[in-house]
Amino acid sequence: MNMQLESHKSIAPYEPKKGEEYMSPEQLLHFRKILEVQRAELCREIDRAVHVMQEGATIFADPNDRASQESDMALELRNRDRERKLIKKIDETFHKIDSGDYGYCEKCGVEIGLRRLEARPTASLCIDCKTLDEIREKQMAK
């Protein structure tokens, strides 16, 4: 049974109809589908990684082999943690869709834009506010 699983990257970008209102029911449905598929991909990846880590848990006598395995496991765990955080952000985004807040900047309230949401469906800031945040982060790091 070779079943091809759907990827969020295979979903065609939304083409708004002439005069269509921003964040119409069709647009919200489109982004919900992208997020559902992305969430399912992440869950599959986490399940796969846990299975691989359980199977690969070997106790090596050689300290170098053991250190290499521990390093690989640490990297795998960091990746899984990042995926877990993204799943949480996706769940928060579903809540925004349900409450009618999706697609609008959390800071200034302007439309985030369809193209930005296609690239990052969990975006919560418009490009201007995100850019300002990144500039502030760089200044604080200095």
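Here goes a summary of the coordinates provided. (Residues numbered from 1 in each chain as written. Predicted model: local features only at pLDDT ≥ 70, side-chain atom pairs only at ≥ 80, totals over all residues. Heavy atoms only, no water.)

**Considering the nonpolar core**
Alright, step 1. Ranked by size, the top nonpolar core spans 23 residues in total, and within it M23, F31 and L117 carry the most contacts.
Alright, step 2. Elements supplying a minimum of two residues to this core: α1 (25-55), α2 (63-99) and α3 (114-119).
Alright, step 3. Considering every element that reaches this core, the biggest residue donor is α1, with 6 residues. (Core = buried A, V, L, I, M, F, W, Y, C linked by side-chain atoms within 4.5 Å. Buried < 20%, exposed > 50% of the residue type's maximum accessible area, 1.4 Å probe, protein only. Helix = DSSP H or I, 4+ residues; strand = E, 2+ residues; numbered from the N terminus.)

**Details of the pattern of salt bridges**
Alright, step 1. Scanning the model with the defined rule gives 13 salt bridges in all.
Alright, step 2. The partner of E45 in a salt bridge is R48, with the nearest N and O atoms 2.5 Å apart. Of this pair, E45 and R48 are both found in helix α1, 3 residues apart, which corresponds to roughly one turn of the helix.
Alright, step 3. With a shortest N-O distance of 2.6 Å, R80 and E83 are connected by a salt bridge. Residue R80 and its partner E83 are located together in helix α2, separated by 3 residues, close to a single helical turn.
Alright, step 4. According to the relative accessible area criterion, R80 is buried, its value standing at 11%.
Alright, step 5. The network of salt bridges with shared partners includes E45, R48, E76, R80 and E83. (Salt bridge = Lys/Arg side-chain N within 4 Å of Asp/Glu carboxyl O.)

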